[in-house]
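Inside the fold
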Amino acid sequence: MTRPRIDPVLVIGGTGRVGRIVVDELLKAGVPVRVLTRQPDAAQLPAAVEVVPGDLTLPGSLDAGLQGVGAVFLVWTAPPATAPAVVERLAAHARHVVFLSSPHQTPHPFFQQPNPLAAMHAGIEGLIAAADLTSTIIRPGMFASNTLAWWSAQVRDGDVIRWPFGEAETAPIDERDIAAVAARALCDDRHAGGDYVLTGPESLTQAQQVRIIGDAIGRTIRFEELSPAEFRRETAGRWPAPVVDMLLAAWEAAIGQPAFVTSAVADIVGLPARPFRQWAIDHRAALGGGDAEKAGEVECPTID
């Protein structure tokens, strides 16, 4: 990385699956890190991190954490109603914001289906563009870690994963690669104004991903195709209906064509994006029911 900024970077969303790794990347680069969280006492962050209270739903609560910062990493984790006031405050204090968005502008059918989260991201991007604020937009596709929420419980219970659209292709991206790009953008002004779609390095069907997980944990895992109606019944009461609708529409649209794949991770970080197989090997304890992460601790699945 280039010479770190002297001013601290504020990470909003620093206890989440990407933001937490961004914190580690910045610390390794020698960058002072401040994390805004609603529950500072529960943050469990390294001692070198300055933890400050704040809540996106209460824009005034951000003011103290924004004092003296140079850049902000923003993961939006609240309803969008307060976004205008939050962006106004970011523009008043920071030079640069790196926003974790989604590939809603990407001309691939998988990303062009109705998606409330993508619509919210587009609205926040518009606010950032209208503000006096330099930005870098990063747009990860399907998170590899979504498979923990989707499949790890089924793997612990048996050797079959029951799921729809086994032939739908995606390019899962390791959250460590997303964080590496975000950290580079926060530390290197050459990425100011950048807009990057981030994917894993290969297009894989969902059935192939299941087989790779089986290989990683040393078991044969079989993919059993569910119809959309069966999937709706099996997720009823556990997943929000709009999330189910979004995923089914995206997977169906992806049938018959490779996933959208970019080289952005390699171009920015200088190392190739990690393949899904490597991600599965590194998370095999969680996938196979070990003592690491539990599926219930993973955020609600999305396609971004």
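Residues numbered from 1 in each chain as written. Predicted model: local features only at pLDDT ≥ 70, side-chain atom pairs only at ≥ 80, totals over all residues. Heavy atoms only, no water.

On to the overall build of the chain, then. When helices and strands are tallied, the chain shows 12 helices and 11 strands. For the chain, the C-alpha radius of gyration of 19 Å lies close to 19 Å, the compact-globule estimate for 304 residues. Expressed as lengths along the three principal axes of its C-alpha atoms, the size of the chain is roughly 55 × 35 × 35 Å. A fraction of 77% describes how many contacts in the chain between residues 6 or more apart in sequence connect residues 24 or more apart. For the chain, the exposed surface amounts to about 12,800 Å²; the carbon and sulfur share of it is 52%. Within the chain, one finds 25 positive and 35 negative side-chain charges whose respective centroids are separated by 3 Å. (Helix = DSSP H or I, 4+ residues; strand = E, 2+ residues; numbered from the N terminus. Rg over C-alpha atoms; globule rule 2.2 N^0.38 Å. Contact = heavy atoms within 4.5 Å. Areas by Shrake-Rupley, 256 points an atom, 1.4 Å probe, with all protein chains shown as cover. Lys, Arg positive; Asp, Glu negative; His and termini not counted. Charge placed at Lys NZ, Arg CZ, Asp CG, Glu CD.)

Moving on to the confidence of the model for the chain. Across the chain, the average pLDDT comes to 92, with 93% of residues at or above 70. Low confidence marks residues 291-301, where pLDDT is under 50. Its contacts with residues over four positions away, or in another chain, come to 23 contacts. (pLDDT = per-residue confidence, 0-100.)

One turn of the α-helix equals 3.6 residues, which is why residues spaced by three or four share an orientation. Over its 13 residues, helix α6 (residues 175-187) runs 18 Å from end to end, which matches the ideal 18 Å to within 8%, given 1.5 Å per residue. Burial runs high along α6: 12 of the 13 residues are buried. Every buried residue of α6 is accounted for by Glu175, Asp177, Ile178, Ala179, Ala180, Val181, Ala182, Ala183, Arg184, Ala185, Leu186 and Cys187. (Expected span 1.5 Å × (residues − 1). Buried < 20%, exposed > 50% of the residue type's maximum accessible area, 1.4 Å probe, protein only.)

What follows is about the sheet that holds strand β9 (residues 195-198). Taken in spatial order, the 7 strands line up as β3-β2-β1-β4-β5-β6-β9 in an open sheet, and their pairing is parallel. Edge strands, defined here as strands with exactly one partner in the open sheet, are β3 (50-53) and β9. Each neighbouring strand pair of the sheet contributes to a mean axis angle of 20°, computed without reference to strand direction. Sheet topology places strand β4 (residues 71-74) next to strand β5 (residues 96-100); 4 bridges connect them, and they run parallel. Bridge pairing in β5 links Leu74 to Phe99. Docked against the sheet, helix α4 (residues 116-130) engages β5 and β6 (134-140), running at close to 170° with respect to β5. (Pairing = 2+ DSSP bridges. Axes fitted to C-alpha atoms, helices over the stretch in contact; angles between N-to-C directions.)

All right, on to the packing of aromatic side chains then. Following the criterion strictly, the structure yields 11 aromatic pairs and no others. Both rings, one in Trp150 and one in Trp163, keep their centres 5.6 Å apart while their planes meet at 35°; by these two values the pair is tilted. One end of the pair, Trp150, is in helix α5 (residues 146-157); the other, Trp163, is in strand β7 (residues 160-164), with 13 residues separating them in the sequence. Each member of the pair, Trp150 as well as Trp163, carries the same accessibility label: buried. Taken together, the ring pairs connect Trp150, Trp151, Trp163, Phe231, Trp239 and Trp251 into an aromatic cluster. (Phe/Tyr/Trp six-rings, centres within 6.5 Å; stacked < 30°, edge-to-face > 60°.)

Now for the side chain of His96. One can find His96 in strand β5. The exposure class of His96 is buried, given its relative accessible area of 2%. Of the polar contacts made by the side chain of His96, one reaches the side chain of Thr136; its length is 2.8 Å. (Polar contact = N/O pair within 3.5 Å; in protein donor to acceptor, adjacent residues only side chain to side chain.)

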